[in-house]
Amino acid sequence: MQGSYISRRRFIGIAGMSALAVAGFGLTGCGSSNSSTDTTSAGTSGASAEKKALAGTITAVGSTALQPLCEAAAEQFMQENPGVQITVQGGGSGQGITQITQGAVQIGNSDVFAESKVKDSSDLTKITDNKVCIVGMGPIVNSDVTIDDIKLDDLKKIFMGEITNWSEVGGADEPITVINRASGSGTRATFEDAVLAGDKVPDSFKPQEQDSSGTAAKMVASTPGAISYVAFSYYDSSFKALKVDGVEPNEKNVEDNSWKIWSYEHMYVSTSADEATKAFIEYMMGDEVQGGLVEQQGYIPMSGMKVEKDASGKVSSK
């Protein structure tokens, strides 16, 4: 799903039973003393009182690689907390970092560490990092492309504009159409760090750019000879995912760094985040998401990693 996402739930409070009703009927039909309605102790004359419901509005902006997981988790969270409304939008990691440091949103989603995006290092003191999962990323091509595996150096040359026909890398005689992500994209930054290794793309090479992972995937699927890169969470049968140097793009290979194109998914919040935002982040790190949604949506739980990466990109064993 791309673009903005808004889901709302209506909550109708149910009044607790009166002291007279409790006295006259007890808890007949409940089968347990654990009623879904909270009641006060005997010291308050049996008057009922509902537990204060969590309420608030949360806007999460940024990484489109993280967007599917964030949307799915937000939907579940709102079902459990009808007083909270969560809006999830894309825009790229740069947009997410900028807006959270400016205080314009409650959550800034990013594929990269904020250190790589902020211009003023003092902005880092305004936000707190929450690494919610790992995302693998990789090159994808139109289904008509005849190769299944590509050398890392050849992949680099394609995205530097040096290789322009699939026949140069063992494929059919067909022009290569490169589809890049926009410059603020964390997916692009992750891909270029791993593939280009710091080399600058010549100014003369200007491939088309797309603002979201979903759009890039659709363009590859519909454009003969096309190549781009997306998070594993966007992989489907409408295009082909390439191996790199014989390594399969899968979660197991990310976990031990055999597959080197991966990043943390960060959810940055203000150091003075409101209660609803704190609760949603806690939910993201809880069992319902980490033990279920993360893998269901094509991501990798933090607990599965055998290596770790710091803000400079250095990878070491855990």
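Rules used in this analysis
- Starting from 1, residues in each chain are numbered consecutively following that chain's sequence as written.
- Residue-level local features of this predicted model are given only where pLDDT is at least 70; pairs of side-chain atoms are given and counted only at 80 or more, and the full residue set underlies all totals for whole chains, interfaces and linings.
- Side-chain measures were taken over the full set of non-hydrogen atoms in the model, leaving aside hydrogen atoms and water.
- Strands are runs of DSSP state E lasting at least 2 residues, helices are runs of H or I lasting at least 4, and numbering of each runs from the N terminus.
- The criterion used for residue contact is that any of the two residues' heavy atoms lie within 4.5 Å.
- In the analysis that follows, any N or O atom pair within 3.5 Å is treated as a polar contact, provided that within protein one partner can donate a hydrogen and the other can accept it, and provided that, for residues neighboring in sequence, both atoms belong to side chains.
- The angle between two axes is taken between their N-to-C directions and runs from 0 to 180 degrees, where each axis is a line fitted to C-alpha atoms and a helix contributes only its stretch in contact.
- Any angle that is under 35 degrees is reported as roughly parallel, and any over 145 degrees as roughly antiparallel; angles of 65 to 115 degrees are reported as roughly perpendicular and all others as oblique.
- Here is the rule for handedness: rotate from the far helix to the near one, and if that takes an anticlockwise turn smaller than a right angle the crossing is left-handed, while a clockwise turn gives right-handed.
- The classification used treats Ala, Val, Leu, Ile, Met, Phe, Trp, Tyr, Cys and Pro as nonpolar, Asp, Glu, Lys and Arg as charged, and all other residues, Gly among them, as polar.
- Buried means the residue's accessible area, taken with a 1.4 Å probe over protein chains only, is under 20% of the maximum for its type, while exposed means over 50%, and partly exposed covers the values in between.

**Student:** Kindly report on the environment of Asp256, identifying the contributing residues and their values.
**Tutor:** By secondary structure assignment, the location of Asp256 is in the loop between α7 (251-255) and β13 (262-270). Measuring from C-alpha to C-alpha, the distance between Asp256 and Ser316 comes to 10.0 Å, with 60 residues separating the pair along the chain. Apart from residues lying up to four places away in sequence, Asp256 is in contact with Lys306 and Val307.

**Student:** So what's going on with the side chain of Ser212? Which residues, and what values?
**Tutor:** Within the element layout of this structure, Ser212 appears in the loop between β9 (208-210) and α6 (213-222). Among the polar contacts made by the side chain of Ser212, one reaches the side chain of Thr215 at a distance of 2.8 Å.

**Student:** Tell me what's going on with the packing of helix α2 (residues 67-80) against helix α9 (residues 287-296), and back it up with residues and numbers.
**Tutor:** Running from N to C, α2 and α9 cross one another at 140°; their axes reach a closest spacing of 10 Å. The orientation of α2 relative to α9 falls into the category oblique. Of the two elements, α2 crosses α9, and the hand of that crossing is right-handed. Counting all contacts with α2, which are made through Leu69, Ala72, Ala73, Gln76 and Glu80, the residues of α9 involved are Glu288, Val289, Leu293 and Val294. When grouped by side-chain class, the residues that make up the contact of α2 with α9 number 6 nonpolar, 1 polar and 2 charged.

**Student:** Mind laying out the side chain of Ser263, listing which residues take part and the relevant values?
**Tutor:** Within the secondary structure layout, Ser263 lies in strand β13. Classification of Ser263 as buried rests on a relative accessible area of 5%. From its side chain, Ser263 meets the backbone oxygen of Asp111 in a polar contact 3.1 Å long. When near neighbours in sequence (up to four residues on either side) are disregarded, Ser263 contacts Asp111, Cys133, Ile134, Val135, Met137 and Thr190.

**Student:** Before we move on, can you summarise the packing of helix α4 (residues 152-159) against helix α5 (residues 186-195) with the specific residues and values?
**Tutor:** Remark: α4 packs on α5, axes separated minimally by 10 Å, with the N-to-C direction vectors making an angle of 125°. As summarised for this structure, α4 and α5 are arranged oblique, according to the angle between their axes. Across the interface between the two elements, Leu152, Leu155, Lys156 and Phe159 of α4 pack against Phe191, Ala194 and Val195 of α5. Of the residues assigned to the contact of α4 with α5, the class counts are 6 nonpolar, no polar and 1 charged.

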